[in-house]
Amino acid sequence: MTVETSPWRANDAARFDLAREAVGNVVALLLDLSRAGMLVTDAALDEAKRFRHDLLDSGFDRARADQLLTDIESRLAELEGLRQ
């Protein structure tokens, strides 16, 4: 029986986990700001869906996961500014 190896390396999986956690954080913040009336609900939901979709689309691509993390960090900083 042949066992196929995964295209993921251990550090890739760890990076994907970081991206997954970051997406959860940005989605939570988007929804929180939407509930507080600081963002338009439909726009916040669309953005949340886009981040989730981008995460799932990143697949085994480390560069895409890295880019997603960069985008999320930037957006989180913007959203935190709105909250203040």
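See above for the structure.
Residues numbered from 1 in each chain as written. Predicted model: local features only at pLDDT ≥ 70, side-chain atom pairs only at ≥ 80, totals over all residues. Heavy atoms only, no water.

**Side note on helix α2 (residues 41–57)**
An α-helical turn contains 3.6 residues, so any two residues separated by three or four positions project in the same direction. Filter applied, for reference: Under the DSSP-based scheme used, a helix requires at least four consecutive residues in state H or I and a strand at least two consecutive residues in state E, with every element numbered from the N terminus. Working rule for helices: expected span equals 1.5 Å times residues minus one. When accessible area is computed with a 1.4 Å probe and restricted to protein chains, residues below 20% of their type maximum are described as buried, those above 50% as exposed, and intermediate ones as partly exposed. By definition, the arc is the one covered by directions from the helix axis to the C-beta atoms.
Its 17 residues place the ends of α2 24 Å apart at the C-alpha level, agreeing with the 24 Å of an ideal helix rising 1.5 Å per residue. Turning to α2, its buried residues number three or more, namely Ala44, Glu47, Ala48, Phe51 and Leu55. Each buried residue of α2 sits inside an arc of 100° when the element is viewed along its axis, so together they form one side. The exposed set on the far side of α2, more than 90 degrees from its buried face, consists of Asp42, Lys49 and Leu56. After α2 finishes, the residue glycine 59 shows a positive phi value of roughly 50°.

**Here's the deal with the environment of arginine 83**
For clarity, the threshold we go by: Any two residues whose heavy atoms approach within 4.5 Å at even a single point are treated as in contact. Counted as a polar contact is a pair of N or O atoms within 3.5 Å, where, for protein atoms, one must be capable of donating a hydrogen and the other of accepting one, and residues adjacent in sequence contribute only when both atoms are in side chains.
Secondary-structure assignment places arginine 83 in helix α3 (residues 62–83). Of the residues examined, arginine 83 reaches a relative accessible area of 42% and is grouped as partly exposed. With 54 residues separating them in the primary sequence, arginine 83 and leucine 29 have C-alpha atoms 9.2 Å apart. Discounting residues that sit within four places of it in the chain, arginine 83 has contacts with Leu29, Asp32, Leu33 and Met38. A polar side-chain atom of arginine 83 sits 3.5 Å from a polar atom in the side chain of aspartate 32.

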